[in-house]
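Fold and geometry: a report
One letter stands for each residue in the lines below.
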Amino acid sequence: MEEDSMITCNGSGNPDAIVLGVDHRLRALAHVSEEESALIRAYTDRRPAALRAGSVNVLRSVVDDTVKTYFLAGIEDSSTERGTFREFERAKRIMAAAMREGVSELAVYIDTLDMEAETLIDGLLYGNYEFNRYKTEDGSKVIKNINLITSGLKSKDFNTLCYIYSSIYECIYFVRDLVNMPPNELTPRKFVDTATALCKGDAIFIEVLNKWNLEKRNMGGIVSVGKGSMNPPQLLSVAYTGDPESRDVLAVVGKGITYDSGGLSLKSRAGMEHMKSDMAGAATALGVIRALMLLKYPVNVLAVMPLAENVPSGMSYHVDDVITMFNGATVEVKNTDAEGRLVLADAVAYAQSKGARKVIDLATLTGACVTALGTVRSGMLGNDQEWMNRLFSAAARVHEKVWQLPADEEYEKQLQSEIADIKNVGGPDAGAITAGLFIKHFIKEQTSWIHLDIAGTAFCDKKDENGYYGATGVGIKTILELLKGDTQ
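Quick summary incoming for the structure in this document. (Residues numbered from 1 in each chain as written. Predicted model: local features only at pLDDT ≥ 70, side-chain atom pairs only at ≥ 80, totals over all residues. Heavy atoms only, no water.)

**Concerning the overall build of the protein chain**
For clarity, the cut-off: Secondary structure counts use DSSP, requiring at least four H or I residues in a row for a helix and at least two E residues in a row for a strand, with both numbered from the N terminus. Atoms considered for the radius of gyration are the C-alpha atoms alone. The globule rule reads 2.2 Å times the number of residues to the power 0.38. Each residue's exposure class comes from its accessible area (1.4 Å probe, protein chains only) as a fraction of the maximum for that residue type: buried when under 20%, exposed when over 50%, partly exposed otherwise.
Secondary structure summary: the protein chain contains 15 helices and 20 strands in total. The C-alpha atoms of the protein chain give a radius of gyration of 24 Å, which matches the 23 Å a tight globule of 488 residues would have. If you line up the protein chain on its principal axes, its C-alpha atoms span 80 × 50 × 40 Å. Residues counted as buried form 56% of the 488 residues belonging to the protein chain.

Quick look at the structure:
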């Protein structure tokens, strides 16, 4: 989270805006003055739709020569929404309304809202973000102070909750910043420099492999994809050791294509838009490590981030090339725009060589996943059903959505090559599935593995209903929630 923004519990201040939950009983009026109470009652009498669950209405007034704004959040019959994604959307809607009004300090009377505190905080912080780094004029509407007022929770417990979510969103905002950065600013090397500056501590070990190191280790996938660019490829790994007594290591592997033109299999002009976001998986892996540093979970996690630019030149890899991967397997290239699976294959093999026996990979991998699931859910497949069930449940608890794709052996047959061990694309059908199953080819039999295709969920390329645009930071909350379960 930005250094100058904060979230507090029962703090003092002088808010210029107040959030109140309203229904026909108007119990929230006990928290405001008689003059304000009369104003709100008159407003809801004239506009009974303002009481409807999910609605957010803005009421402006002048009280004692002070301009105040009231956000009236309808809660009529909202009890069925407790802890649900719909309730999370309500909290996002409140924050969007506050940002549109240019609020600097927001007081939120939680006890009037009939919402779970965790869900409310999650939704408020989700929306309290803008990417203005390249704006020459400061027009930020990020709310600097959010004061959560409650008598229903102990201050100590609530302050702990605020710290946890503030830490998580500090990392989510950092990831969003990375993904939103233009590709001329965030090259593979600059990604590495940013990560090494961020990740410092006794529990952290960083390894960087440059192009020469990658060639020496026969990482043909990463080397080939990055050959065409003047910005050479890198492999960044960051190990967080929160439990030195344990040998259990989870690898979080993130696709880090800092720009994807498609290579010699060149994308269309429209297809290249927003391809700066093709490194969202790597940014998420890095964000998980940063969050673990702040939250100090007693777990061991290895983030592996293969970084490259996929652009055409006289040095680019070709369709029909056969490349040798880190694990010795050979791959026939049939599409240079199917590059993400190549860098991920080397990275997951490398993570297992470092001792990881559980692997989660995240990638903006396929347009086919967007066709199948849209921008609502991330696609998931893997080889450990019980673990996938746990991840599915963890995602739902933190208001992220995934959906399991099938992984039948019949799909794998599409990847058979006439001249190599495997080819990097299947047929025209089931593209999201065959892309994931390509990565499975590089997973050892004893390794539990989950693949998350975040192509549709990592970046909003059009403003959503709340006006949100850009990177989302999807995946961090889900992985942290899954890890939290492992510590309990």
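**Describing the layout of surface pockets**
The condition is simple: Cavity and pocket criteria rest on a 1 Å grid covering protein atoms alone: a 1.4 Å probe that fits but cannot get out defines a cavity, protein on both sides within 12 Å along at least 5 of 7 lines defines an open pocket, and an atom within 4 Å of a point defines a lining residue. Grid points are joined across faces, edges and corners, and a volume is the space filled by probe spheres set on the points. Under the grouping applied here, Gly and all other residues not named as nonpolar or charged are polar, the nonpolar ones being Ala, Val, Leu, Ile, Met, Phe, Trp, Tyr, Cys and Pro and the charged ones Asp, Glu, Lys and Arg.
A volume near 710 Å³ is recorded for the second largest pocket. Lining of the second largest pocket is provided by 27 residues; of these, Tyr129, Glu130, Lys463, Gly467 and Tyr469 occupy positions nearest its centre. Of all the elements in the fold, those that place two or more residues in the lining of the second largest pocket are helix H2 (85-100) and helix H3 (117-127). With 5 residues, H2 is the single largest residue contributor to the lining of the second largest pocket. By residue class, the composition of the lining of the second largest pocket is 9 nonpolar, 8 polar and 10 charged.

**Quick word on helix H10 (residues 340-353)**
Stated precisely, the cut-off is as follows: For a helix, the expected span equals 1.5 Å multiplied by the residue count minus one.
With 14 residues, H10 extends 20 Å between its outermost C-alpha atoms, agreeing within 8% with the 20 Å of an ideal straight helix rising 1.5 Å per residue. Along H10, 13 of the 14 residues are buried, which leaves the element largely enclosed by surrounding structure.

**Some words on empty space enclosed by the protein**
Counted under the stated rule, the structure contains 2 cavities of 30 Å³ or more. There is about 50 Å³ of room inside the largest cavity. What lines the largest cavity is simply Ser378, Glu400, Lys401, Val402, Leu452, Ile454, Val474, Gly475 and Thr478. Among the residues making up the lining of the largest cavity, the classes are represented as 4 nonpolar, 3 polar and 2 charged.

**As for the nonpolar core**
The tendency in soluble globular proteins is for nonpolar side chains to be buried side by side. Which entries qualify depends on this criterion: Definition of nonpolar core: a set of buried residues of the types Ala, Val, Leu, Ile, Met, Phe, Trp, Tyr and Cys, connected through side-chain atoms within 4.5 Å. Throughout, a residue-residue contact means that at least one pair of heavy atoms, one from each residue, lies within 4.5 Å.
In terms of nonpolar packing, the biggest core is built from 96 residues, with Val108, Leu148, Phe191, Met305 and Ile360 touching the most fellow members. With residues up to four places along the chain from it excluded, the contact list for Ile360 reads Leu250, Ala251, Val252, Val253, Trp387, Leu391, Ile450, Leu452, Ile479 and Leu482. Grouped together as the second largest cluster of nonpolar side chains are 47 residues, Leu214, Val343, Leu344 and Leu365 included.

**What about helix H9 (residues 280-295)?**
The terminal C-alpha atoms of H9 lie 22 Å apart, and with 16 residues this matches the ideal 22 Å at 1.5 Å per residue to within 8%. Counting buried residues along H9, 16 of its 16 residues qualify, which places the element largely inside the surrounding structure. Lys296 sits one or two residues past H9 and shows a positive phi near 60 degrees.

**Examining the packing of aromatic side chains**
Inclusion rule: Two aromatic rings from Phe, Tyr or Trp, using only the six-membered ring of Trp, form a pair when their centres are within 6.5 Å; if the ring planes differ by under 30 degrees the pair is stacked, by over 60 it is edge-to-face, and anything between is tilted. Two limits define a charge over a ring: the Lys NZ or Arg CZ must be within 6 Å of the ring centre, and within 35 degrees of the ring normal.
Applying the stated rule across the entire model yields 10 aromatic pairs. Considering the side-chain rings of Phe88 and Tyr126, the 5.7 Å spacing of their centres and the 80 degrees angle between planes classify their relative orientation as edge-to-face. Taken together, the residues span a long stretch of sequence, with Phe88 in helix H2 and Tyr126 in helix H3 at a distance of 38 residues. The exposure classification of Phe88 matches that of Tyr126, with both residues buried. Put simply, the rings of Phe85, Phe88, Tyr126 and Tyr468 pair up and form one aromatic cluster. The ring of Tyr126 has Arg176 lying over it, and the distance from NZ or CZ to the ring centre is 4.6 Å. The ring of Phe85 has Lys401 sitting right over it, with the charged end atom 4.2 Å from the ring centre.

**Details of the packing of helix H5 (residues 188-198) against H9**
In plain terms, the rule: Angles shown run from 0 to 180 degrees and are taken between the N-to-C directions of axes, each axis being a line fitted to C-alpha atoms and, for helices, limited to the stretch in contact. These descriptions rest on fixed angle ranges, namely under 35 degrees for roughly parallel, over 145 for roughly antiparallel, 65 to 115 for roughly perpendicular, and the rest for oblique.
Following both chains from N to C, one finds H5 and H9 inclined at 10 degrees, their axes separated by 11 Å at the closest point. Looking at the two axes, H5 sits roughly parallel to H9. Facing Phe191, Ala195 and Leu198 of H5, the residues of H9 in contact are Ala282, Ala283, Leu286, Arg290 and Met293. Taken together, the residues of the contact of H5 with H9 break down into 7 nonpolar, no polar and 1 charged.

**Observations concerning the side chain of Asp361**
Here is the rule we go by: Asp and Glu are treated as the negative residues and Lys and Arg as the positive ones, with His and the ends of the chain left uncounted. By salt bridge we mean one thing: a side-chain nitrogen of Lys or Arg within 4 Å of a carboxyl oxygen of Asp or Glu. Polar contacts here mean pairs of N or O atoms no more than 3.5 Å apart (in protein, one a potential hydrogen donor and the other a potential acceptor; neighbouring residues in sequence count only if both atoms are side-chain atoms).
In this fold, Asp361 is placed in strand E14 (residues 358-363). Nearest to the buried, unbridged Asp361 among oppositely charged side chains is Lys255, at 9.8 Å. A distance of 2.9 Å separates the side chain of Asp361 from the side chain of Trp449, its partner in a polar contact. Setting aside chain neighbours within four positions, we find Asp361 in contact with Val253, Leu344, Val348, Ile439, Trp449, Ile450, His451 and Leu452.

**Brief notes about the pairing of strand E1 (residues 6-9)**
Counted only if it meets this: When DSSP finds two or more bridges between a pair of strands, those strands are recorded as paired.
Of the two faces of E1, the one holding Ile7 and Cys9 is buried and the one holding Met6 and Thr8 is not buried anywhere. In this sheet, strand E6 (residues 145-149) lies alongside E1 in parallel orientation, the contact comprising 4 bridges. When the bridges of E6 are listed, Cys9 appears paired with Leu148.

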